[in-house]
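Each chain is listed here by its residues.
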Amino acid sequence: MAAKRGSRGHMRTRVSRAGFYLLCTLMSPVIVVGYLVWLGKLFAAGRSGVSATAQGPLSARFSEHNFGTRQDDAADRLMRALPGVPRLGLRLTTGPVLLAHRVTGYVPRAFRYPFEGDVAPQYEASARIWFFDAAVDRHLPDVAQFVILGAGFDTRAYRLPSDIRVRVFEVDSPQTQMVKRETLQKVGIDASTVTFVAADFEKDEWLACLSAAEFDPGERTLFLWEGVTMYLNRETVEDSLRKIASMAQGSAVAFDYFTTEALDSRALYWRYGRAATKSTGEALKFGVDSTPPSRERLVELLRSCGLSLADQRTLGDDMPARRAWGGFATATVERPSAYLRATS
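Report follows, based on the coordinates.

**Considerations on the pairing of strand 4 (residues 221–225)**
Step number 1: Within strand 4, 5 of the 5 residues are buried, which leaves the element mostly enclosed by the surrounding structure.
Step number 2: Along strand 4, one buried face is formed by Thr221, Phe223 and Trp225 and the opposite face, lined by Leu222 and Leu224, is buried too.
Step number 3: Examined bridge by bridge, strand 4 and strand 5 (residues 252–258) share 4 bridges and lie parallel to one another. Following the sheet pairing, phenylalanine 223 is matched in strand 5 by valine 253.
Step number 4: Taken together, strand 4, helix 9 (residues 234–245) and strand 5 constitute a β-α-β crossover, and its handedness is right-handed.

Printed below as a string of structure tokens:
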């Protein structure tokens with residue numbers, strides 16, 4: 001009996017999946033037009049000094065919210081109001097897909113929560129949401145401060161439990177942060193519990209800016225660094241990791257990264273990805289050495305900066321012939337480094 005029910009369940013899933021993709025195919029001309037409209041606006045936003053790549057994580061959270069797999073009202077409201085998101089492009093790209101979902105009940109793998117199975121490069125933004133959410137849930141009860149580095153349009157600060165006692169800081173470039181704050185106010189999202197710190201990682205001493213905003217390096221802190229390292233030069237990434245290593249014992253940082261495979265691969269996907277990000281003014285720059293096992297290369301990098309790897313997921317095959325292209329990781333401060341003393 002159980003086998004029969006399972007068989008019927010698999011059949012319903014296959015039918016709903018087929019119906020979903022059939023409807024999306026029929027409406028694909030509308031989706032393509034919307035995509036082109038969105039691309040044009042995205043490139044214009046990159047030239048304005050506002051991060052264009054920051055839309056990727058927000059778009060993933062927006063989609064999961066609308067598919068009903070992860071509630072994030074702030075992401076939904078922010079996405080619909082950002083000046084860098086064309087209203088027509090948003091309706092044309094997401095409307096047909098959400099209609100197909102409502103008709104069939106099918107949720108594409110990219111928008112399931114938690115993300116299941118191997119992570120293809122095009123699913124990275126969606127897959128890392130679960131990894132970072134889990135890291136926040138695990139570490140936040142034990143820290144006094146929560147710092148979102150390169151916050152972009154991250155909305156985690158606006159969905160934290162009301163009873164949690166932690167100071168929240170968002171660090172990002174002045175232009176992107178200004179647009180975010182204006183949009184938050186426009187859609188009525190309360191940001192009064194967040195301290196905004198304007199700093200450019202490659203131009204400013206972000207820790208000094210953070211400390212000037214009453215951040216306390218002596219307090220245990222969780223740093224979230226999502227979708228940022230790959231756009232910075234190696235010196236900035238290593239310097240930032242050393243700064244985090246100077247924090248109080250028990251502090252942690254959750255981050256994602258590409259390997260050098262993503263920077264050097266001649267595969268069409270990566271060639272297009274590098275060209276697209278470069279055209280928005282945010283070229284891919286940093287990658288962890290992809291020599292297998294890439295996890296060990298990451299451990300070596302973190303150790304050289306004074307951090308210890310606590311949790312990690314490798315993305316890709318991680319073999320000599322087909323190397324890993326990235327990963328998600330959490331690193332901890334076992335013993336504060338002498339960074340601050342050395343640089344003071």
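**With respect to the packing of helix 3 (residues 55–67) against helix 4 (residues 73–81)**
Step number 1: Packing of helix 3 against helix 4 brings their axes to within 8 Å, and their N-to-C directions diverge by 120°. Classified by the angle between their axes, helix 3 and helix 4 sit oblique to one another. Every pair of crossing elements has a handedness; the one defined by helix 3 and helix 4 is left-handed. Residues Leu58, Ser59, Arg61, Phe62, His65 and Asn66 of helix 3 lie in contact with helix 4, whose contacting residues are Asp73, Ala75, Asp76, Leu78, Met79 and Arg80.
Step number 2: Residues of the contact of helix 3 with helix 4, tallied by class, amount to 5 nonpolar, 3 polar and 4 charged.

**Quick look at unusual backbone geometry**
Step number 1: Of note, the amide linkage connecting tyrosine 113 to proline 114 takes the cis form, showing an omega dihedral of 0°.
Step number 2: Looking at where proline 114 falls in the secondary structure, it is placed in the loop between helix 5 (87–104) and helix 6 (124–139).
Step number 3: Following proline 292, the chain continues to proline 293 via a peptide bond in cis, the omega torsion being -10°.
Step number 4: Note that proline 293 resides in the loop between helix 11 (268–279) and helix 12 (294–304).
Step number 5: A positive phi angle, close to 75°, is found at glutamate 214, a residue other than glycine.
Step number 6: The topology assignment puts glutamate 214 in the loop between helix 8 (206–212) and strand 4.
Step number 7: Note on glutamate 214: relative accessible area 60%, which makes it exposed.

**Here we look at the pattern of salt bridges**
Step number 1: One pass over the structure, following the stated rule, counts 23 salt bridges.
Step number 2: We note a salt bridge from aspartate 73 to arginine 77, for which the minimum N-O separation is 3.0 Å. Residue aspartate 73 and its partner arginine 77 are located together in helix 4, separated by 4 residues, close to a single helical turn.
Step number 3: In this structure, the salt-bridge partner of lysine 243 is glutamate 205, at a minimum N-O distance of 2.7 Å. Of the two residues, lysine 243 is situated in helix 9 and glutamate 205 in the loop between strand 3 (194–198) and helix 8; the sequence distance between them amounts to 38 residues.
Step number 4: One network of salt bridges, with partners in common, ties together Arg61, Arg70, Asp72, Glu124, Arg128, Asp133, Asp154, Arg156, Arg159, Glu226 and Asp256.

**Concerning the nonpolar core**
The tendency in soluble globular proteins is for nonpolar side chains to be buried as a group.
Step number 1: With 50 residues, the main nonpolar core has Phe146 and Tyr158 as its most contacted residues.
Step number 2: Contributing elements (two or more residues each) for this core: helix 3, helix 4, helix 6, strand 1 (145–149), helix 7 (174–186), strand 3, strand 4 and strand 5.
Step number 3: With residues up to four places along the chain from it excluded, the contact list for tyrosine 158 reads Ala74, Glu170, Lys180, Leu184, Ile189, Asp190, Ala191, Val194 and Phe196.

**A short note on helix 5**
Step number 1: Between its first and last C-alpha atoms helix 5 spans 25 Å; for 18 residues at 1.5 Å apiece the expected length is 26 Å, and the two agree.
Step number 2: At glycine 95, helix 5 is deflected by roughly 30°, the largest bend along its length, and proline proline 96 occurs up to four residues later in sequence.
Step number 3: Of all the positions in helix 5, only Gly89, Leu90, Thr93, Thr94, Pro96, Val97, Leu98, Ala100 and His101 are classed as buried.
Step number 4: Looking one or two places after helix 5, you find glycine 105, whose phi comes out positive at around 80°.

Calculation notes
- Residues numbered from 1 in each chain as written.
- Predicted model: local features only at pLDDT ≥ 70, side-chain atom pairs only at ≥ 80, totals over all residues.
- Heavy atoms only, no water.
- Buried < 20%, exposed > 50% of the residue type's maximum accessible area, 1.4 Å probe, protein only.
- Helix = DSSP H or I, 4+ residues; strand = E, 2+ residues; numbered from the N terminus.
- Pairing = 2+ DSSP bridges.
- Right-handed = clockwise from strand over helix to strand, strands pointing away.
- Axes fitted to C-alpha atoms, helices over the stretch in contact; angles between N-to-C directions.
- Parallel < 35°, antiparallel > 145°, perpendicular 65-115°, else oblique.
- Left-handed = near helix turned anticlockwise from the far one by under 90°.
- Contact = heavy atoms within 4.5 Å.
- Nonpolar A, V, L, I, M, F, W, Y, C, P; charged D, E, K, R; others polar.
- Salt bridge = Lys/Arg side-chain N within 4 Å of Asp/Glu carboxyl O.
- Core = buried A, V, L, I, M, F, W, Y, C linked by side-chain atoms within 4.5 Å.
- Expected span 1.5 Å × (residues − 1).
- Bend = angle between axes of the 7 residues up to and from the residue.

Scope: geometric values only; no functional claims are made or implied.
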